[in-house]
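# Coordinates in review
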Protein chains: 4
Amino acid sequence: MHFFFPHEKYCVQPKVRCQITRLRYQITRLRYPRQKPASYTDSSDDETSPRDKQQKNSKGNGDFCIKNIKQADFGRREIEIAEQEMPALMALRKRAQGEKPLAGAKVVGCTHITAQTAVLMETLSALGAQCRWAACNIYSTQNEVAAALAEGGFSVFAWKGESEDDFWWCIDRCVNLEGWQPNMILDDGGDLTHWIYKKYPNMFKKIKGIVEESVTGVHRLYQLSKAGKLCVPAMNVNDSVTKQKFDNLYCCRESILDGLKRTTDVMFGGKQVVVCGYGEVGKGCCAALKAMGSIVYVTEIDPICALQACMDGFRLVKLNEVIRQVDIVITCTGNKNVVVREYLDRMKNGCIVCNMGHSNTEIDVASLRTPELTWERVRSQVDHVIWPDGKRIVLLAEGRLLNLSCSTVPTFVLSITATTQALALIELYNAPEGRYKQDVYLLPKKMDEYVASLHLPTFDAHLTELSDEQAKYLGLNKNGPFKPNYYR
Amino acid sequence: MHFFFPHEKYCVQPKVRCQITRLRYQITRLRYPRQKPASYTDSSDDETSPRDKQQKNSKGNGDFCIKNIKQADFGRREIEIAEQEMPALMALRKRAQGEKPLAGAKVVGCTHITAQTAVLMETLSALGAQCRWAACNIYSTQNEVAAALAEGGFSVFAWKGESEDDFWWCIDRCVNLEGWQPNMILDDGGDLTHWIYKKYPNMFKKIKGIVEESVTGVHRLYQLSKAGKLCVPAMNVNDSVTKQKFDNLYCCRESILDGLKRTTDVMFGGKQVVVCGYGEVGKGCCAALKAMGSIVYVTEIDPICALQACMDGFRLVKLNEVIRQVDIVITCTGNKNVVVREYLDRMKNGCIVCNMGHSNTEIDVASLRTPELTWERVRSQVDHVIWPDGKRIVLLAEGRLLNLSCSTVPTFVLSITATTQALALIELYNAPEGRYKQDVYLLPKKMDEYVASLHLPTFDAHLTELSDEQAKYLGLNKNGPFKPNYYR
Amino acid sequence: MHFFFPHEKYCVQPKVRCQITRLRYQITRLRYPRQKPASYTDSSDDETSPRDKQQKNSKGNGDFCIKNIKQADFGRREIEIAEQEMPALMALRKRAQGEKPLAGAKVVGCTHITAQTAVLMETLSALGAQCRWAACNIYSTQNEVAAALAEGGFSVFAWKGESEDDFWWCIDRCVNLEGWQPNMILDDGGDLTHWIYKKYPNMFKKIKGIVEESVTGVHRLYQLSKAGKLCVPAMNVNDSVTKQKFDNLYCCRESILDGLKRTTDVMFGGKQVVVCGYGEVGKGCCAALKAMGSIVYVTEIDPICALQACMDGFRLVKLNEVIRQVDIVITCTGNKNVVVREYLDRMKNGCIVCNMGHSNTEIDVASLRTPELTWERVRSQVDHVIWPDGKRIVLLAEGRLLNLSCSTVPTFVLSITATTQALALIELYNAPEGRYKQDVYLLPKKMDEYVASLHLPTFDAHLTELSDEQAKYLGLNKNGPFKPNYYR
Amino acid sequence: MHFFFPHEKYCVQPKVRCQITRLRYQITRLRYPRQKPASYTDSSDDETSPRDKQQKNSKGNGDFCIKNIKQADFGRREIEIAEQEMPALMALRKRAQGEKPLAGAKVVGCTHITAQTAVLMETLSALGAQCRWAACNIYSTQNEVAAALAEGGFSVFAWKGESEDDFWWCIDRCVNLEGWQPNMILDDGGDLTHWIYKKYPNMFKKIKGIVEESVTGVHRLYQLSKAGKLCVPAMNVNDSVTKQKFDNLYCCRESILDGLKRTTDVMFGGKQVVVCGYGEVGKGCCAALKAMGSIVYVTEIDPICALQACMDGFRLVKLNEVIRQVDIVITCTGNKNVVVREYLDRMKNGCIVCNMGHSNTEIDVASLRTPELTWERVRSQVDHVIWPDGKRIVLLAEGRLLNLSCSTVPTFVLSITATTQALALIELYNAPEGRYKQDVYLLPKKMDEYVASLHLPTFDAHLTELSDEQAKYLGLNKNGPFKPNYYR
């Protein structure tokens, strides 16, 4: 298939490719909740490839490619449920009813196709944009949602279980249509961006802006920019304050408890826990476990975070000082080989080991794949690794991210991301000539604040407004931004 | 079947019978975790009734009746896993190796047949007792555990999915054996006790003691005692301090979070929650939710608990004052009709309603079974009830106990109960003539303290001992009891 | 002086006397806040004994004996400030405006004479009682408050700095007035009660009830009762739930922080603290310090409290395991010699040692009075004890109660006690013949609940009322009591 | 006096001058704890001006000007006590014993002369520097510490209660000595810097570096830099992470409780509190009060901080929504007129109002100076403002900073600042040519981390070290810096 050609080409370095794949896999896991209710699966569907089917919705439109248009009603209900928990996008729709800030925008998108994405797409549409969409992952598409979108008139090219060939075919169908010149890209992972960049360079030059959400995609954009090849302004929405704080501190505070309970039913009260790393993720884990009556120890390499751990009431230790006595070990470092075989050997019987950090390398799981140790799968995501003397350690998710594998991500968090994406598109599309150059930008502080403000009504929270006099005293605009860009 | 006769007889009042059944159902739910791993089911088993099968273990012994002796190995592993989390019973086994305090005891038991019970039974055996056992519930038996017990030589009569006829047949087989005069009863619900009392009155008179765990069973014993018909001393282990505090305050602190997450994936941060009732259960729920960043309101009828809620930092309100604004409603009162239709009508869209109290009457679920409301089952244990205007409330477990239906009970808590049962048996069996009369007793404070002390090693907790001088100063025995009986 | 005679007589055992004196001293400290504003002192007053002065208020009444009637205005303001923080007594006044439940009551009282007591006395008066009052402590009288009371028509006999002779003279003046037969006693420490019992036995027999607040006084009443010599019903208000919970758990939670800060300005964050004893006081201290970011260890002798400490997230240790590493040692045991010289020798430089328990014996301060150690008073209530090698420990309040010596007791707590006293007087005075026998009683649960309910408006707390149907379901009276007497 | 001349000159704008004075006053309050023990005063001293006295220490040296050299011993003890709580400086002394990184440095300093400063000066000296010192405030000098420094050979020119004339005379004596060319400036407020800049421009040009601690001083340096007149590199140590986090979040968490208790003895449990502003200071206040059982509301203008407040469990309101119901109002905004007369009019009786923010303008105290309101000073720093209807509000510190006026700053925090100053001096003095230009710099991240690391031993905290492999994986140097500069 000729589609592979350009892709192969730009990924000359196999090592980087491998790393990107790994990162993309993690992103996949983030968006693709494993514990879908049984009703979502459609095992009764025939096995014919969607590419070989005739595609047509009830209005006769056939510019899409999905699994089964009959699931549209079911998908619509899923979208409606999601709408209830994405108040910011719904508010955006209302506020923009008159002005249509995306009128004329032609957006090609490549993200996970879920109910939450559908709410985003229908919002973009309500704001005036035309959209064509593909999936950024071969497994994560909710077929019923894709059906509802297609039924609603969206050109969607995605189904669950695409082959890699299908994957690029779908992306190409999004982009390559007679008479269609997209002017905005919404990407998650950078595949769509690079497809256009490589395959349709002329089209790429006419793009007004790229919005990229993922760590990987952002990384690829920065590389492009460094190499002087990014001829389009791009917005990095991954690093906006609101997203960072929610994904890390607040979500982890909840998901550490959820992940541990669902897998092990462990009682938290009185348990001794060591948390490796006291960044935002570690802070969230520590706060939650302390609140539930666990005794928490912290390890850190950074003296500033270490001092914060002390002031927050945690004993700062080296892992080897407590490894024999703790009941639970949690890694949150982003580092590799934090829990190595030597430590695993010294843990006590029944010790639970899991990873909340940013990679699957924090626990040296490979070191446990040796003949003298027996692995016993006791539940989904739960392995007992058994030493010759009978000692067992309880390894969760084989050392991969606990919060992605064993707990769910609240829609509220996805809502923040989706709103940020919509605002970034509006900003780039409407920005006066010259505001954004051919570079990668962070979302302006003011927009970040706006995303936050759109989520306050969920909490029935009432913001105070500055008086003219106060604004002048503080040297601030009454509408923000209220803090410097580096504020966290 | 003649087995029914005596039972029907003593339950003359259908209303009481009905109440007892309901209470027993709740107890059932407590012991029978719904979320068993798939591997526990044995669908491949034939459909022959165990009563019609030939029963024989590898040593040729056949004095038992279970589903399938071949599952013994699997059951043994389950028991071994449970042993690791029941350190107090294991400690009892060790301490009593020499003396055998239950030598000569002939115990008939009627409890849920689970891995935890098996650890208890094998402990009693190690202490010198002979045991015969039936299940106190027709659904809760873990067949593989029953198999392991039978293989180990225990006379067990129980399988999952007994008919009511089977139920009483099993109990009778426990009791009614040529030449077997039991002298101790360990009961959960009172069925075994009443079977012997009614059917074998002479046998009943020779019993040295009864240990009863459930609210229902205790209630029935008190009634018997009141009527002057209890000719045997009985121990109420349901109301011991350790059990109460653990089952209520500490367990609910964890299970409220677990139950809500597993059913709804709700984010706790910033949510407004009203907790009805500030007893031990309410205190646990409030503490957990406050710690997770929820804003919690409390309702109370008792001014003392109300004042405690205030001092603990919760706004004390009437339900109607906050019902329109809250995101979650949790009942913990033990009362009925706390959340009535009027309140349900006024809740906001998406409000979650659940019950952590002692009955399924706290939420008036019946009032929601009206034609104008639509029920939609969205997940196991989760219903959306939809008003004509589209408002949905999210009802969990149909108003039954959330912590039993939607979360698990940690083995550590079961360990406390089992240890208390074992000690109660030892106490009653060894008590000098006259210490216990024909009445219902609470476990002596000192024994309660002993149960607690046996669980301290789990936490690597080191108790301080009084010096002689200090004991004298305080007027205490160095070995306790340390507090008056009413201390909570 | 003949006044001494009976007193000497009934205190035959010098050892008991000594113990009582010590206990009374502690009670004194409770009511007598050391940090009085400078304005309260009246150094300009002449040195003439009040007994030698002519006493007359502005209305010509002279049936009192105080320091200086001119201070009445100042005292009145103090009383008015106290009224604002004693809403329950003010509410009692209002509710009882019509009925005068103490009409005919002739109360002799012997308590600390403070603004709070004045609010109580004026409430009793508003409820219909006649009052004569003496001080229960020779140092604790606020002279200006006594003046305001005298000016208001109360027969008060008290001043700051009485001699022991003065003390008994004042009590006698209260009791011994031509034509005055008191029928109620309100006592704090038991001195008034015993004075009447010994000196005016006929008067004693006509008393309708005694209300006693202190540990000591209650102890003396129980001894009298045991000896069969208590011919009057007495109410022990010291052990009511509301008082206990407030004085211990909630107050200590606040006063431990206050006491440590005022004396040492220590930063709590990151400090390692060991708290000896996990009763209510220990629970309060631990919760506060944990919340402020300290790392807290607990020692306990009672396994039940120990298990609670574990579940609440504290490492349970023996003192010697952590004594070398902790920054602060706090005793809350009620025991003696908990911190002995051996431990003091091993503490690290700068370690702070203090006592929050019930006696001054918890820290073996005497063992520090040896020649090789240097004492340095660095602030009021703060001593450095210096070892030969230069190590210093920081001893607070010489091992006496930190919360009484170095922090204040909020008026709100005193309000609870005063309300309880008023209600106890009303109950005993109005109880139908036979309800109370010649014994010592706890305040009925219902009254305890009533005291709590009177304090809820302070928190703008709204109690829920049971419906008839609910009350019936629970088997409760709609107005309480809601819990059994032993509920804590 | 000619000393005034240059000073008057550079402060041409009276408004700016006034602002600077106000800011300096606040700084003064920070360093000058009002609650000095009585022993610190020296009322017995004669009234002769130190400038008129003969100054000579025991070694015959007279190059200083202080109040009374006889107090040297007392001052030495104070310094020794401070040394115990400033472990980082003591560690610096030890580490630098060999190398003397400040050998050749001639430091002129102008800071508060306290025991903590003395520890800093003696550390600088131990590191090789020569020091001459003046006070940055006319009231804050601890005379006994100045005496100890003089006795130890330091040229100190400072006493408590200098006139403004004295102030500049002292500064000049520091600088203006035959043959003395300082090469480093350590300033707090910028007065010394500007004196040299204006009066000795040639000397100024030869300075190698300036270290400035205060907001004001930093502000003045930035202005100089903007105007192109800063010919010397300067280090802004005020904005280093460690200092900011400690001064704001962690200190305020403790001082809000301390300040409220010392002034009002208020009970925190159950109190309703509104905190205006949810920056670091507000976060600290809210966390502490929530932990103590208060019910806390938050007001914010910034939606991001508002969302954080929600997630942390606080109701976000506008002030007018809760002003009638709250018991305590705390301002932490840095803004002006946050609490205006309109709100003060609507507060309930007894409401406590105080300011924890950055200025004395947050509460519009001026609006309370009207004839119809009565002010009553009830304690030091506590005023009752009384409305015509008798309503009282309790105003603390007349609206100035509560934590500076009514609580103390722990030495541990001062230790962080002093260590940062020492390291900044070392860095600037040793930096290779060209590293620092004529600009204002933040302390390099790595140094900030070093300051933190020097304070970890206080908590017995053990930092983990990266392995070579891990450092490579993370792309970090094993010794840091570990985070980007903007990390907070």
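What you are looking at is a predicted structure, and each value in this text was computed from that prediction instead of being measured.

### Brief notes about the overall build of chain A
A count of helices and strands for chain A gives 19 helices and 15 strands. The buried share of chain A, reckoned over its 488 residues, is 56%. Pairs at least 24 residues apart make up 73% of the contacts formed inside chain A by residues separated by at least 6 positions.

### Thoughts on helix α5 (residues 115–126) of chain C
Residues and elements named next belong to chain C. Helix length check: α5 (12 residues) gives 16 Å between terminal C-alpha atoms against 16 Å at 1.5 Å per residue, within 8%. Within α5, nine of the 12 residues are buried, which leaves the element mostly enclosed by the surrounding structure. Considering only its buried residues, α5 is in contact with α3 (72–84), α4 (87–95), β1 (106–111), β2 (130–135), α6 (143–151) and α17 (411–430). Positive backbone phi, approximately 115 degrees, marks Gly-128, located one or two places after α5.

### Some remarks on the UniProt feature "binding site: NAD(+)" (unreviewed entry) in chain A
All names here are of chain A. Here the UniProt-annotated "binding site: NAD(+)" (unreviewed entry) positions come out as Gly-279, Glu-280, Val-281, Gly-282, Lys-283, Gly-284, Glu-300 and Asn-403. Tracing the backbone through its elements, the reader meets Gly-282 in helix α12 (residues 280–291). Since 30 C-beta atoms lie within 10 Å of it, Gly-282 is described here as buried. Other than its neighbours up to four places away in sequence, Gly-282 contacts Val-275, Gly-277, Val-298 and Cys-332. Looking at the element boundaries, Gly-284 is found in helix α12. Ignoring anything within four residues of it in the chain, the contact list for Gly-284 reads Asn-248, Leu-249, Tyr-250, Cys-252, Arg-253 and Ile-256.

### Some points on the pairing of strand β5 (residues 209–212) of chain A
In the case of a regular strand, side chains alternate between the two sheet surfaces. Residue and element names in this part refer to chain A. Of the two faces of β5, the one carrying Gly-209 and Val-211 and the one carrying Ile-210 and Glu-212 are both buried. As paired elements, strand β4 (residues 184–187) and β5 share four bridges and run parallel to each other. From the neighbouring strand, Met-184 faces β5, where its bridge partner is Gly-209. Of the pairings in the sheet, the one linking β5 to strand β6 (residues 234–236) comprises three bridges and is parallel in character.

### Here we look at the relation of the copies chain B and chain C
For the pair chain B and chain C, the best superposition has an RMSD of 0.1 Å and corresponds to a rotation of 180 degrees with a translation of 0.0 Å parallel to the axis. A rotation of that kind, with that shift, is consistent with a two-fold axis. Both copies contact each other with a shared surface, as 100% of the interface residues of chain B are interface residues in chain C too.

### Section: the interface of chain B and chain C
Facing the 44 residues of chain B at the interface are 44 residues of chain C. Those elements that provide at least two residues to the side of chain B that touches chain C are α11 (241–264), α13 (303–311), α14 (319–322), α18 (445–455) and α19 (468–474) of chain B. Classifying every residue of the side of chain B that touches chain C by side-chain character gives 22 nonpolar, 10 polar and 12 charged.

### Considerations on the relation of the copies chain B and chain A
Expressed as a screw transformation, the operator carrying chain B onto chain A has a rotation angle of 180 degrees and an axial translation of 0.1 Å, and the superposed copies differ by an RMSD of 0.1 Å. Interface overlap between copies is the fraction of interface residues in one copy that are interface residues in the other; for chain B against chain A it reaches 100%, indicating a shared surface.

### Brief notes about the confidence of the model for chain A
Per-residue confidence for chain A gives a mean pLDDT of 87, with 90% of residues at or over 70. A low-confidence stretch, residues 1–44 of chain A (pLDDT under 50), is modelled with 46 contacts involving residues beyond four sequence positions or located in other chains.

### Some words on unusual backbone geometry
Of the consecutive residues B:Gly480 and B:Pro481, the connecting peptide bond is found in the cis state with omega at 0 degrees. Of note in the backbone geometry, A:Asn337 takes a positive phi value of approximately 50 degrees without being a glycine. Tracing the backbone shows A:Asn337 in the loop between β10 (328–331) and α15 (341–346). Non-glycine residue B:Asp265 carries a positive phi angle of around 55 degrees. Counting through the fold element by element, B:Asp265 comes out in the loop between α11 and β7 (272–276).

### Observations concerning the sheet that holds strand β1 (residues 106–111) of chain B
Residues and elements named next belong to chain B. Spatially, the seven strands line up as an open sheet ordered β3-β2-β1-β4-β5-β6-β15, and their pairing is parallel. Edge positions in the sheet fall to β3 (155–157) and β15 (440–442), since each of these pairs with one other strand and no more. Between one strand and the next, the sheet's axes are offset by a mean angle of 20 degrees, whatever the strand orientation. Across three bridges, the pairing between strand β2 (residues 130–135) and β3 is parallel. Within β3, the residue paired with Trp-133 across the bridge is Val-156.

### Some remarks on the packing of α18(B) against helix α13 (residues 303–311) of chain C
Running from N to C, α18(B) and α13(C) cross one another at 40 degrees; their axes reach a closest spacing of 8 Å. Classified by the angle between their axes, α18(B) and α13(C) sit oblique to one another. Crossing geometry of α18(B) relative to α13(C) is assigned as left-handed. For the pair α18(B) and α13(C), the contacting residues are B:Asp448, B:Glu449, B:Ala452, B:Ser453 and B:His455 in the first and C:Pro303, C:Ile304, C:Ala306 and C:Leu307 in the second.

### Brief notes about the domain arrangement of chain A
Interfaces are often sized by the amount of accessible area the parts lose when they come together. Considered domain by domain, chain A is made up of domain 1 (54–239 + 410–443) and domain 2 (246–406). Once you take the C-alpha centre of each, domain 1 of chain A and domain 2 of chain A turn out to be 37 Å apart.

### A closer look at the nonpolar core
Of all hydrophobic cores here, the largest spans 618 residues; its most connected members are A:Leu425, B:Leu425, C:Leu425 and D:Leu425. Leave out the neighbours within four places in its chain, and D:Leu425 touches D:Leu102, D:Val107, D:Leu124, D:Met184, D:Leu186 and D:Val211.

### Overview of the sheet that holds strand β3 (residues 155–157) of chain D
Sheets are built from strands that pair by backbone hydrogen bonding, the pairs being arranged parallel or antiparallel. All names here are of chain D. Reading across the sheet, the seven strands line up as β3-β2-β1-β4-β5-β6-β15 and stay open at both edges, with parallel pairing between neighbours. Of all strands in the sheet, those bounded by a partner on one side alone are β3 and β15 (440–442). Averaged over all pairs of adjacent strands, the angle between strand axes in this sheet comes to 20 degrees, irrespective of strand direction. Where helix α8 (residues 191–199) meets the sheet, it contacts β1 (106–111), β2 (130–135), β4 (184–187) and β5 (209–212), and its direction lies at approximately 140 degrees from that of β4.

### Considering the UniProt feature "domain: S-adenosyl-L-homocysteine hydrolase NAD binding" (unreviewed entry) in chain A
Residues annotated in UniProt with the feature "domain: S-adenosyl-L-homocysteine hydrolase NAD binding" (unreviewed entry) correspond here to residues 248–409 of chain A. A helix fraction of 32% and a strand fraction of 22% characterise residues 248–409 of chain A, whose end C-alpha atoms lie 11 Å from each other.

### Some words on the environment of D:Gly75
Residues and elements named next belong to chain D. Note on placement: Gly-75 falls in helix α3 (residues 72–84). For Gly-75, a count of 27 C-beta atoms within 10 Å gives the class buried. As a C-alpha pair, Gly-75 and Ala-146 span 71 residues in sequence and 7.4 Å in three-dimensional space. Discounting chain neighbours no more than four positions away, the residues touching Gly-75 are Glu-144, Val-145, Ala-147 and Ala-148.

### Quick word on helix α6 (residues 143–151) of chain D
Residues and elements named next belong to chain D. Taken across its nine residues, α6 has nine buried, putting it largely inside the fold. Of all the positions in α6, only Asn-143, Glu-144, Val-145, Ala-146, Ala-147, Ala-148, Leu-149, Ala-150 and Glu-151 are classed as buried. In this fold, the buried residues of α6 make contact with α3, α5 (115–126) and β3. Looking one or two residues beyond α6, the residue adopting positive phi is Gly-153, at roughly 105 degrees.

Criteria and cut-off values
Residues numbered from 1 in each chain as written. Chains lettered and ligands numbered in written order. Predicted model: local features only at pLDDT ≥ 70, side-chain atom pairs only at ≥ 80, totals over all residues. Helix = DSSP H or I, 4+ residues; strand = E, 2+ residues; numbered from the N terminus. Buried ≥ 20, exposed ≤ 12 C-beta atoms within 10 Å, placed from the backbone. Contact = placed C-beta atoms within 7 Å. Expected span 1.5 Å × (residues − 1). UniProt positions renumbered as here; feature names shortened; annotations may be inferred. Pairing = 2+ DSSP bridges. Least-squares fit on C-alpha atoms with pLDDT ≥ 70 in both. Nonpolar A, V, L, I, M, F, W, Y, C, P; charged D, E, K, R; others polar. pLDDT = per-residue confidence, 0-100. Axes fitted to C-alpha atoms, helices over the stretch in contact; angles between N-to-C directions. Parallel < 35°, antiparallel > 145°, perpendicular 65-115°, else oblique. Left-handed = near helix turned anticlockwise from the far one by under 90°. Domains from an automatic or database assignment. Core = buried A, V, L, I, M, F, W, Y, C linked by C-beta atoms within 7 Å.

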